[in-house]
Amino acid sequence: MGFNKKDMWKTAVAVVAVAGLAITMTACSGGSSSSDATSAASGTGSLDGKGALLKIFMPSTSNVYLAAAAKAAAAEAKAQGFTSSIVENNWDQTEEDQQIQEWIATGEKAAAVMIWPVSAKNATASIRALSEVAPVLQWNQLIDPASDPFIKIGYAGVSDLGIGDQTGKDTLTQIDTLTKAGYKFHGPGGLPNVLEIQLGSGDYSAGVDRDTAFQAVVKGKVNMLGVEGAKTFDAQGAFTAASTAIPKYLSAGIDIIAVQTNDMGNGVVQAAEQNGLTPGKDVFLTTGTSSGSMANLQSGKITSDVLQSPVIEGTLIVDVVAQYLATGSSVDGTVTIASDAAKPALTMTAPTRHTFMMNPSVTAANIGSFKIWGWDFFALMGDAASK
Amino acid sequence: MTTTEKISIRFQDLSSVRRRTDAVRNWALPILIVLVFVVASATVPEFFKFETIRSILLLTSITGIVAVGMTAVTLSGNLFSLGVTSSAVFSGVIYVWVGQATGSMYAAAAVAIVAAVVIGLVQGFIVGLGLNTVIVTLAFGSIIYGLIAILTKGEVVQAQGVNLEGFATFQIFGIPLPIYIFVVFTALAWFLTEHTLIGRNVHLLGSNKNTARNSGISPMGTTIWAFTAFSLSIGIAAVLQTSQMHQIQADNLPGLTMDVVAAVLVGGTAVTGGDGSPVKSAIGALFIATITQVMVLMSIPEGQRYFVLGVIVVALVVVLHLLRKAGTR
């Protein structure tokens, strides 16, 4: 079989075209995975940020918890050699989406992006867009399954299940203490009657998760009177919810009121007193998040809180990102960090994909001696809790 | 029958229809609330109890006081103020700070109320110049919220070692003071609105601004008066609220504005102004609190409660509006 010159030219052109196409496709596919992802895949080999930018998207820091978390994140970023930039929205997912689009359009390069979505279920498109330009860490709101493929680093921050679980354990501890003291509970079979005041009206995921974990711990050991949702997550919202719920159960006898945050607990204390109850004597309050005024905890009207430190959360998200960038990977699994008195040195190890904050119990007895990562209780809470 | 007689009969018929619709409009809500009380007492366990009734009245008191005050603004034809929350929180913060500084809850209350009134006066003046109430009050709400966030840094503001709780915890015959203050404030507002010159001016300004102006009524002065009455109610409510919670924070009371607007609307005050009463707004607030309490006692899930309450509010507002239109034909 022979080739004439014309055929040879055609063959040569075809070979060059195919080769060119192949080279172009290879180059394009490398480009689509982004330079950040490529560098992350191998890792920088150093925990030092070397001035790289960490971009943080989160709701407004006019809320004291978020202000403390943002401040801690910025401080830790500086300590690890990163620069940080925070973009706030007014608790509006649409606004956050728009801010993300605008930021991507600027072409600014970031080593990683940390997003606190206002609505995790509705943030998938934004997270997907962010994943095209930098590895993403989600914090405070658990990752929605639809967003999971686009989150390379993982989740770090608060565990609502952990807080609910610890509130349940604190409730059982309180029941044991009262039983030993000879206290007579009002429920059937001598079980304690428990009323729960929840964040939101059953449609707010943090409230639902806390309730689920709480009920799993106390199941069979208490008589649940009911779960009442607070329309707003402050002392007034809980006061309103408790003021309407307490009269309903007064005649049955309320032994324990479990409230999902201390701040809300302060409102429940008022509602209980307005209804003739004496918190700490004939009704006992166990609460979740250690936010707001601690006066009722310290005076015994609230028997326990669960630590939810914005300072730890802000610090933790930067540490997890630093470890990811250094090693270029994260390890599947879930870990809750220990309540160490001193902050462990950051190691060159891949972070766990789901890293939760510690949830120790806070009581009047231990609040003065609290020490985690070198901070006492009020330092851990930033300005999110007060004496 | 002469034409004059026919016209006379026609006017008599119209007058009779107006009287009937006015009667229905005036008594519909009070009768409805009595019905709810009677039916709930007979059918809902735990409803007809001192604790339950006291809880309803206590929850009504703060929203009710502001709704009564808001009625003056709405009656004067200035729609609603949408900056209730931030003004109330600002006043609450002042209450705690002055209380902490002076050690006196009375001095703190006086300064907090004056602060609220000053904010109201400024807003009333701007609205009196002819600017839209919604825009002015929203803008002021935003400015005040920002100011609170800056001044408090978002922290919980509370007094240390000073008793500022007395206004909320003091009880007479087992009934907390805020309930008495609500009743007295409503009675005072009713008297001022229905039996004084300034009250009639507010009505007339809301009914027809041009006629009011031609009658020698100052739209500016009357609007400022309406906003002053309204901001006085905010100051009182803020003191009671802060006293009740022992603390206040920038993002507190997020639902207060809408609760107050709902109470005024359910009470039957015309959005366009000129027609309504502070007593009706107070009853509107009481009605909403009662229905909410009944649904809690009936263990209706919270989502369904909001749905039912929303439907009731819309239905009442529509019916009252239709009756008002029928009465003015």
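Just so we're clear, the structure is a prediction, and the values are computed from it rather than from any experiment.

Visitor: I would appreciate a short explanation of the overall build of chain B in the present structure.
Guide: In terms of helices and strands, chain B carries 13 helices and 4 strands. Its C-alpha atoms give chain B a radius of gyration of 21 Å, within 12% of the compact-globule value 20 Å for 329 residues. On the principal axes, the C-alpha backbone points of chain B span a range of 85 × 55 × 35 Å. Taking all 329 residues of chain B together, the buried fraction comes to 52%. A sequence separation of at least 24 residues applies to 78% of the contacts in chain B between residues at least 6 apart. Put simply, chain B has 17 plus and 12 minus side-chain charges, and the middle of one group is 13 Å from the middle of the other.

Visitor: Any chance you could explain the pairing of strand S13 (residues 352-356) of chain A here in plain terms?
Guide: For a regular strand, side-chain orientation follows a simple rule: the groups alternate between the two sheet faces. Residue and element names in this part refer to chain A. Relative to S13, strand S5 (residues 154-157) is paired through 3 bridges, and the arrangement is parallel. In the sheet register, Tyr155 faces S13, and the bridge partner there is His354. Alignment of strand S12 (residues 331-336) against S13, held across 4 bridges, turns out to be parallel. Pairing of Val331 across the sheet is with Thr352, part of S13.

Visitor: Explain the sheet that holds strand S6 (residues 193-199) of chain A here, please?
Guide: Hydrogen bonds between backbone groups are what pair the strands of a sheet, and the pairing can be parallel or antiparallel. Residues and elements named next belong to chain A. Spatial ordering of the open sheet is given by S7-S6-S8-S9-S11-S14, a layout of 6 strands whose pairing is mixed. At either margin of the open sheet sits one strand with a lone partner, and together these are strand S7 (223-230) and strand S14 (361-362). In terms of strand pairing, strand S11 (residues 302-306) meets S14 through 2 bridges, oriented antiparallel. The partner of Val306 across the bridge, within S14, is Ser361. Helix H6 (residues 160-180) contacts strand S8 (256-261), strand S9 (284-289), S11 and S14 of the sheet and is inclined by roughly 160° relative to S9.

Visitor: Sorry if this is basic, but what is going on with the interface of chain A and chain B here?
Guide: For an interface, size is often stated in terms of accessible area lost upon the parts coming together. The partner chain B presents 37 residues to the 34 residues of chain A that form the contact. Summing both partners gives a buried area of about 2900 Å² for chain A against chain B, and 48% of it is carried by carbon and sulfur. It is A:Thr244, A:Lys248 and A:Gln274 in chain A that bury the most area against chain B; as a group they hold 22% of the surface buried on that side. At the boundary of chain A with chain B, the tally comes to 2 salt bridges. Across the pair A:Glu228 and B:Arg305 runs a salt bridge whose closest N-O atoms are separated by 2.8 Å. Counting across the interface, chain A meets chain B through 15 residue pairs in polar contact (both at pLDDT 80 or more). Sorting the residues of the side of chain A that touches chain B by element identifies S7, helix H8 (235-249), helix H9 (262-274) and strand S10 (292-293) of chain A as the ones contributing at least two each. The element contributing the most residues to the side of chain A that touches chain B is H8(A), with 9 residues.

Visitor: Hey, could you run me through the pairing of strand S3 (residues 112-115) of chain A in this one?
Guide: Residue and element names in this part refer to chain A. Of the two faces of S3, both are covered, the one formed by Ala112 and Met114 as well as the one formed by Val113 and Ile115. Relative to strand S4 (residues 136-139), S3 runs parallel, the two being bridged by 3 bridges. Bridging across to S4, Ile115 finds its partner in Gln138. Each parallel crossover has a hand, and the one from S3 via helix H5 (residues 124-131) to S4 is right-handed.

Visitor: I keep staring at unusual backbone geometry and nothing clicks. Help me out?
Guide: Peptide bonds are mostly trans, and most non-glycine residues show a negative phi. All names here are of chain B. Of note in this structure, Leu79 is not a glycine but carries a positive phi near 55°. Following the sequence through the fold, Leu79 ends up in the loop between helix H2 (50-75) and helix H3 (84-102). You can call Leu79 partly exposed: its relative accessible area is 31%. In this structure, Phe173 is a non-glycine residue whose phi angle is positive, near 55°. When you line up the elements, Phe173 lands in the loop between strand S2 (171-172) and strand S3 (175-176).

Cut-off values and rules
Residues numbered from 1 in each chain as written. Chains lettered and ligands numbered in written order. Predicted model: local features only at pLDDT ≥ 70, side-chain atom pairs only at ≥ 80, totals over all residues. Heavy atoms only, no water. Helix = DSSP H or I, 4+ residues; strand = E, 2+ residues; numbered from the N terminus. Rg over C-alpha atoms; globule rule 2.2 N^0.38 Å. Buried < 20%, exposed > 50% of the residue type's maximum accessible area, 1.4 Å probe, protein only. Contact = heavy atoms within 4.5 Å. Lys, Arg positive; Asp, Glu negative; His and termini not counted. Charge placed at Lys NZ, Arg CZ, Asp CG, Glu CD. Pairing = 2+ DSSP bridges. Axes fitted to C-alpha atoms, helices over the stretch in contact; angles between N-to-C directions. Buried area = accessible area lost by both parts, 1.4 Å probe. Salt bridge = Lys/Arg side-chain N within 4 Å of Asp/Glu carboxyl O. Polar contact = N/O pair within 3.5 Å; in protein donor to acceptor, adjacent residues only side chain to side chain. Right-handed = clockwise from strand over helix to strand, strands pointing away.

By themselves, these figures tell us nothing about what the structure is for.
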